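Observations on chain architecture
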Amino acid sequence: MTLTVEDAIHEGMETWRRLGVEQDAADEMAEELAADLTAAARDGRSVTDCIGGDIDALATSWAVERGLLPRHPRLKGTAAAAARGAAVPAVAAVILWCAGTPGGLLDRNSESMTTQLHGPPVWELHHYPNPGTPLMWVGWAACLLGAFFWIRCTVAAELRRQHDPAREVTMRAMTKALPLVLLAAALLGTAINFLGDYAFPNFAAIVTVLIAPVAMLGAVAAGTAWVRDRSCPPLNASRLKFRLPVA
């Protein structure tokens with residue numbers, strides 16, 4: 001199949017969009033590429049001869065030469081921004097757990113002792129519905145929803161502050177992957193809670209309150225860094241060897 005000028009422009013625009021190049025810059029490069037390829041066609045050269053057969057490599061090389069792509073993925077900054085966005089929801093989730101569990105802050109169960117003239121004292125247990133339990137479940141759903149938006153906001157602000165050209169492609173990938181990242185963080189916090197009950201029954205609350213939030217923040221930071229690395233991979237120098245010959 002013969003590669004036409006329109007095909008080359010379309011593939012180049014798709015590559016620039018995938019790499020996160022701003023639309024105005026991509027349109028400018030597309031116009032220049034179209035002009036060069038059209039001039040080369042008038043001289044009898046095919047599109048394949050001009051671009052070396054790899055429009056993806058040419059488009060990537062061109063964007064790198066113009067400084068439109070990040071030289072490094074900034075994984076640490078992205079992970080730290082995600083952790084900041086998840087900090088408040090993680091702390092709120094732990095507070096809700098303290099309120100909703102049996103014996104928690106809102107648990108109204110009580111016991112009373114009645115002495116007898118003859119015989120041992122009688123203990124009575126009074127059970128009441130715990131209003132903290134439904135509050136906990138509803139609050140956890142709100143925490144997950146809030147974490148989703150806050151993490152996106154903090155990461156977007158961090159990449160915007162750095163004038164990162166791959167910000168849009170990173171945010172699109174994060175929007176898709178963030179629900180799974182948050183689910184993994186929630187499951188990790190739950191697992192730590194069960195582990196504390198099993199391995200440290202006398203210190204279960206301390207384990208949950210101190211370790212679970214840190215673990216959940218670490219999971220969010222690691223997951224966000226992974227998404228960033230996948231959406232903005234380090235450039236391979238071998239992809240930059242193609243240059244558009246001068247007409």
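For the structure, check the block above.
Heads up: these notes are all about the structure in this document. All values reported here derive from a predicted model rather than from experimental measurement.

This brings us to the overall build of the protein chain. When you go through the protein chain residue by residue, the secondary structure sums to eight helices and two strands. Mapped from its N terminus to its C terminus, the protein chain presents α and β elements in the order α-α-α-α-α-β-β-α-α-α. Counting across all 247 residues of the protein chain, residues that qualify as buried make up 40%. Excluding contacts between residues fewer than 6 apart, the proportion of contacts in the protein chain whose partners are at least 24 apart in sequence is 73%. For the protein chain, the exposed area adds up to about 14,400 Å²; of that, 65% sits on carbon and sulfur atoms.

With that settled, the discussion passes to the environment of Leu 135. The residue Leu 135 is located in helix H6 (residues 132-161) in this model. Sequence spacing of Leu 135 and Ala 99 is 36 residues, and the spatial spacing of their C-alpha atoms is 8.2 Å.

Turning next to the packing of helix H1 (residues 5-19) against helix H4 (residues 55-65). Across the interface, H1 lies against H4 with an axial gap of 9 Å and an inter-helix angle of 55 degrees. Our classification of the angle between H1 and H4 gives oblique. Once H1 is placed against H4, the crossing between them reads as right-handed. Note on element contacts: H4 touches H1 through Ile 55, Asp 56, Ala 59, Thr 60, Trp 62 and Ala 63, opposite Ala 8, Glu 11, Gly 12, Thr 15, Trp 16, Arg 18 and Leu 19. Within the contact of H1 with H4, the residues separate by chemical class into seven nonpolar, three polar and three charged.

Here we come to the pattern of salt bridges. By the definition in use, this model includes three salt bridges. Here Arg 84 and Glu 158 are joined by a salt bridge, their closest N and O atoms 3.7 Å apart. One end of the pair, Arg 84, is in helix H5 (residues 75-100); the other, Glu 158, is in helix H6, with 74 residues separating them in the sequence. Overall, the relative accessible area of 49% leaves Arg 84 in the partly exposed class. Of the residues examined, Glu 158 reaches a relative accessible area of 11% and is grouped as buried. In this structure, Glu 158 and Arg 161 form a salt bridge, with 2.8 Å as the shortest nitrogen-oxygen distance.

What counts, and at which threshold
Residues numbered from 1 in each chain as written. Predicted model: local features only at pLDDT ≥ 70, side-chain atom pairs only at ≥ 80, totals over all residues. Heavy atoms only, no water. Helix = DSSP H or I, 4+ residues; strand = E, 2+ residues; numbered from the N terminus. Buried < 20%, exposed > 50% of the residue type's maximum accessible area, 1.4 Å probe, protein only. Contact = heavy atoms within 4.5 Å. Areas by Shrake-Rupley, 256 points an atom, 1.4 Å probe, with all protein chains shown as cover. Axes fitted to C-alpha atoms, helices over the stretch in contact; angles between N-to-C directions. Parallel < 35°, antiparallel > 145°, perpendicular 65-115°, else oblique. Left-handed = near helix turned anticlockwise from the far one by under 90°. Nonpolar A, V, L, I, M, F, W, Y, C, P; charged D, E, K, R; others polar. Salt bridge = Lys/Arg side-chain N within 4 Å of Asp/Glu carboxyl O.

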